[in-house]
Amino acid sequence: QKEVEQDPGPLSVPEGAIVSLNCTYSNSAFQYFMWYRQYSRKGPELLMYTYSSGNKEDGRFTAQVDKSSKYISLFIRDSQPSDSATYLCLFFPGTNAGKSTFGDGTTLTVKP
Amino acid sequence: ETGVTQSPTHLIKTRGQQVTLRCSSQSGHNTVSWYQQALGQGPQFIFQYYREEENGRGNFPPRFSGLQFPNYSSELNVNALELDDSALYLCASSKSGQGYGAGYTFGSGTRLTVV
C-alpha cells in the first residue's frame, strides 16, 4: 500500500465551480503538509503550507488538515481556467525531514 | 533574486551510459533536493544535500549519486542507465537544513530519455 493516496483522478469542472482535492496518508510521522501546483512542462510551485490540524486560507485557496483521520484537502473557490494544472500534495516527517513524499497528483481542467 | 536553474532541459542517452544533471539553487538557499517524476506520477524523492553532505535518501539504488558544491549548486549522476530511468528530474532548493521550512522552490526539470 502506498504511503499517500491522492484523489480524485483527472477532474474537469466549469469556471466558477468549487474544487475539492484530497490526500490520505498512512505514515504517522508526517508532520508538515504542502500543496503544490504544476503546470505542463514546469516544476511544481508552492501553493499552501501547514503543519497543524485545521484550516488555512489564502485567497481562493483553503488547505484543511485532519491529523487524526490522516487526510488533507485543498479547496479552490471560484475556479478559473488559469487554475488548470496538476495539483500535488507533499508530506514531510518531523525528523529526517529530507525524506519527503508526494502524492501522484490530480489533473484539473477548468472550462470557460 | 534568481530561481532554480536546471541544465540541460532535455537529454537523450543510451542504455548503459552515464549522465550528469546540474542544478543551481535559488539565491540564499543552502539545501538541494532531487526528485524523479515519471510520466503521470508524482515526484519521487531521490536524495537531499545540505552543507555538501547527503541529508536523507529515498529508495533509489547506489547508481544514483549526487554532489553539492560550496556555492550550493548540485549535480545528480546516474550510472548504468536503464530504460526505466526515463523521467523528468526535478531539483528543488530551500533555506533551512531541515528542508521543509517554507517549502521548496523547484526548477523546471531535465527531461531524460533513455533509449
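Here the structure is a predicted model, which means the values were calculated and not measured. (Residues numbered from 1 in each chain as written. Chains lettered and ligands numbered in written order. Predicted model: local features only at pLDDT ≥ 70, side-chain atom pairs only at ≥ 80, totals over all residues. Heavy atoms only, no water.)

Here we come to the state of the cysteines. Taken as a whole and judged by the stated rule, the model has 2 disulfides over all chains. Here A:Cys23 pairs with A:Cys89 through a disulfide, and the sulfurs are 2.0 Å apart. Judged by the sign of its S-S torsion, about -90°, the bond between A:Cys23 and A:Cys89 is left-handed. In this pair, A:Cys23 is assigned in strand β3 (residues 19–25) and A:Cys89 in strand β9 (residues 85–93), connecting sequence segments 66 residues apart. A:Cys89 carries the same exposure label as A:Cys23, and that label is buried. Paired by a disulfide, B:Cys23 and B:Cys91 hold their sulfur atoms 1.8 Å apart. Negative torsions about the S-S bond denote left-handed disulfides, and the value of about -60° found for B:Cys23 with B:Cys91 makes this one left-handed. Remark: B:Cys91 occurs in strand β9 (residues 87–94) and B:Cys23 occurs in strand β3 (residues 19–24); sequence separation between them is 68 residues. The class of B:Cys91 is buried, set by a relative accessible area of 0%. (Disulfide = S-S within 2.5 Å. Helix = DSSP H or I, 4+ residues; strand = E, 2+ residues; numbered from the N terminus. Buried < 20%, exposed > 50% of the residue type's maximum accessible area, 1.4 Å probe, protein only.)

Residues and elements named next belong to chain B. Across the sheet, which stays open at both edges, the 4 strands sit in the order β1-β3-β8-β7 with antiparallel pairing between neighbours. Both outer strands of the open sheet, β1 (5–7) and β7 (64–68), are each paired with one neighbouring strand and no more. Taken pair by pair, the neighbouring strands of this sheet meet at an average axis angle of 15°, ignoring direction. Where β7 and strand β8 (residues 74–78) come together, 5 bridges link them in antiparallel fashion. Bridging from a neighbouring strand, Phe64 pairs with Val78 of β8. (Pairing = 2+ DSSP bridges. Axes fitted to C-alpha atoms, helices over the stretch in contact; angles between N-to-C directions.)

Moving on, we get to unusual backbone geometry. Residues and elements named next belong to chain A. Here the residue pair Asp7 and Pro8 is connected by a cis peptide bond, since its omega of 5° sits within 30 degrees of zero. Its location among the elements puts Pro8 in the loop between β1 (4–7) and β2 (11–14). One non-glycine residue with positive phi stands out, namely Lys70, at about 60°. Structurally, Lys70 is set in the loop between β7 (61–66) and β8 (71–76). Assessed through its relative accessible area of 24%, Lys70 is described here as partly exposed.

In this structure the tally under the stated criterion is 8 salt bridges over all chains. When the shortest N-O distance is used, the salt bridge between A:Glu45 and A:Arg37 registers 3.0 Å. Residue class for A:Glu45 comes out partly exposed when judged on its relative accessible area of 33%. Among the residues examined, A:Arg37 registers a relative accessible area of 14% and is labelled buried. The partner of B:Arg63 in a salt bridge is B:Asp85, and the shortest N-O contact between them spans 2.8 Å. (Salt bridge = Lys/Arg side-chain N within 4 Å of Asp/Glu carboxyl O.)

What follows covers the interface of chain B and chain A. Of the residues lining the interface, 24 residues belong to chain B; the matching set on chain A comes to 22 residues. The contact between chain B and chain A buries some 1,700 Å² in all, and 54% of this surface belongs to carbon and sulfur atoms. Counting across the chain B and chain A interface gives 0 salt bridges. On the surface where chain B and chain A come into contact, there are 4 residue pairs in polar contact (both at pLDDT 80 or more). Looking at the side of chain B that touches chain A, the elements that each hand over two or more residues are β4 (31–37), β5 (44–50), β6 (53–57) and β9 of chain B. (Contact = heavy atoms within 4.5 Å. Buried area = accessible area lost by both parts, 1.4 Å probe. Polar contact = N/O pair within 3.5 Å; in protein donor to acceptor, adjacent residues only side chain to side chain.)

Right, let's talk about the packing of aromatic side chains for a bit. The description of two aromatic rings rests on the distance between their centres and on the angle between their planes. Taken as a whole, this structure holds 18 aromatic pairs over all chains when the rule is applied. Taking 6.3 Å as the distance between ring centres and 50° as the angle between the ring planes, the aromatic pair formed by A:Tyr49 and A:Tyr51 counts as tilted. By way of ring pairs, the aromatic residues A:Tyr36, A:Phe92, A:Phe102, B:Tyr35, B:Phe45, B:Tyr104 and B:Phe106 are connected into one cluster. (Phe/Tyr/Trp six-rings, centres within 6.5 Å; stacked < 30°, edge-to-face > 60°.)

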